[in-house]
Amino acid sequence: QVQLVESGGGLVQPGGSLRLSCAASQSIFNIYRMGWYRQAPGKQRELVATITSGGSTNYADSVKDRFTISRDNAKNTVNLQMNSLKPEDTAVYSCNARRLDVSYTPDYWGLGTQVTVSS
């Protein structure tokens, strides 16, 4: 069973930066797609960014060119560098691990970390 723990959230002013980290309990990046999701008040959870075992990345249009997802395989960590933050980026950010190669396998989720962008 995979455990995911997010960290790095906090309060930041518009235009500022934060770096989120998702620590996995074991080495999984060779078989799991990792992703960051977020859910803002009154909104549905949305996909922010993903990175596959092969290193391919994908971003929501709203964060592309501002956010960067990366992996540190040696530390079993997935990071989300968030720059030029906007108030609309305020949300709970959750880490996700998903198998893409087999069916009927559950996703793993962290509990989330709060990001608040406000002056």
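Before going into details, it helps to say that this report is about the structure given with it. Keep in mind that what you see is a predicted model, and the values were worked out from it rather than measured. (Residues numbered from 1 in each chain as written. Predicted model: local features only at pLDDT ≥ 70, side-chain atom pairs only at ≥ 80, totals over all residues. Heavy atoms only, no water.)

1. Let's talk about the state of the cysteines
The final tally for this structure, using the stated rule, is one disulfide. Between Cys22 and Cys95 runs a disulfide, and the two sulfur atoms are separated by 2.0 Å. Between Cys22 and Cys95, the S-S dihedral sits near -80°, and the bridge is therefore left-handed. Of the two residues, Cys22 is situated in strand β3 (residues 18–24) and Cys95 in strand β9 (residues 91–99); the sequence distance between them amounts to 73 residues. Neither residue differs from the other here; Cys22 and Cys95 are each classed as buried. (Disulfide = S-S within 2.5 Å. Helix = DSSP H or I, 4+ residues; strand = E, 2+ residues; numbered from the N terminus. Buried < 20%, exposed > 50% of the residue type's maximum accessible area, 1.4 Å probe, protein only.)

2. A short note on the sheet that holds strand β1 (residues 4–7)
Pairing is antiparallel in the open sheet, where four strands are placed in the order β1-β3-β8-β7. What marks the edges here is a single partner per strand, and that holds for β1 and β7 (67–72). If you compare each strand with its neighbour and ignore which way they point, the axes differ by 15° on average. Note that β3 and strand β8 (residues 77–82) share six bridges and pair antiparallel. Along β8, the bridge assignment pairs Ser21 with Asn79. (Pairing = 2+ DSSP bridges. Axes fitted to C-alpha atoms, helices over the stretch in contact; angles between N-to-C directions.)

3. Notes on the packing of aromatic side chains
What the rule picks out here adds up to two aromatic pairs. It is Arg45 that lies over the ring of Tyr37; its NZ or CZ is 5.8 Å from the centre. If you follow Arg45 out to its NZ or CZ, it ends over the ring of Trp109, 3.9 Å from the centre. (Phe/Tyr/Trp six-rings, centres within 6.5 Å; stacked < 30°, edge-to-face > 60°. Lys NZ or Arg CZ within 6 Å of the ring centre and 35° of its normal.)

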